[in-house]
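What follows is the residue order along each chain.
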Amino acid sequence: ASALDVWSEFMQCNKPCFQISKRCTKCGEETLHYNAQTLWDCGAGIWNNYPTKLGSFKSKSIQQWVKVFMTQRCSRVCPCSGTRVRSYTLLNIPPPFLIFYVSEVEVKITATVKMFNHSYNLLGLIYYGGFHFTSRIIDCDNNVWYHDGMTTGRTCIKEHNMADIDPKELLKVKGKNIYALVFSK
């Protein structure tokens, strides 16, 4: 199993956070299901399934990705109208955290993201490279701390404050590329 598969299992809420409505835009036929998943996979396939063309998915903000996740074209075709069904995501219960898997795309990292009128703050950045994960943690004073268990042990090293860093600098750390972003309420 990939790290993404493992996270996907561990990072679910104990109650469904989202209601997914799959609805035909012509006849209105609708099916509902609930999802407890808080991990969102940012990838070209997801971006290209947004109902209207948004251009390139490169260098988009997490907020733009949230918009894309909320409405998707599905591969399912409505038996009545013969058109592709759209999937709409609605908030059931605000999850305590959101994780965005971003290793396949370059994103604009922002300190906050909104989802259904709820604000989430960037809490952690996970990096991967050389078959090894490292991280940066952002504390309540917006200080950025670096951690690599192999080199720093149990210690985190203070790097800087979020206000003093260019967000592009957060895309890499010590030769490793950004893998995931963790936001919390």
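One can find the structure itself at the top, above this paragraph.
Residues numbered from 1 in each chain as written. Predicted model: local features only at pLDDT ≥ 70, side-chain atom pairs only at ≥ 80, totals over all residues. Heavy atoms only, no water.

A. Fine view of unusual backbone geometry. The phi torsion at F116 lies on the positive side, around 50°, for a residue other than glycine. Topologically, F116 is positioned in the loop between β9 (112–115) and β10 (118–129). Backbone geometry at N142 places phi at a positive 70°, although glycine is not the residue there. Its location among the elements puts N142 in the loop between β11 (132–138) and β12 (143–147). (Helix = DSSP H or I, 4+ residues; strand = E, 2+ residues; numbered from the N terminus.)

B. Broad picture of the side chain of T83. Assignment of secondary structure puts T83 in the loop between β5 (71–77) and β6 (84–91). Within polar-contact distance, the side chain of T83 engages the side chain of S81 at 2.9 Å. When residues no more than four places from it in sequence are discounted, the contact partners of T83 are C24, K26, R76, V77 and C78. (Polar contact = N/O pair within 3.5 Å; in protein donor to acceptor, adjacent residues only side chain to side chain. Contact = heavy atoms within 4.5 Å.)

C. Examining the packing of aromatic side chains more closely. If you walk through the whole model with that rule in mind, you get seven aromatic pairs. Considering the side-chain rings of F100 and F183, the 5.7 Å spacing of their centres and the 85° angle between planes classify their relative orientation as edge-to-face. Of this pair, F100 sits in strand β7 (residues 97–101) while F183 sits in strand β15 (residues 176–184), placing them 83 residues apart in sequence. Exposure class is identical for F100 and F183. Each is buried. (Phe/Tyr/Trp six-rings, centres within 6.5 Å; stacked < 30°, edge-to-face > 60°. Buried < 20%, exposed > 50% of the residue type's maximum accessible area, 1.4 Å probe, protein only.)

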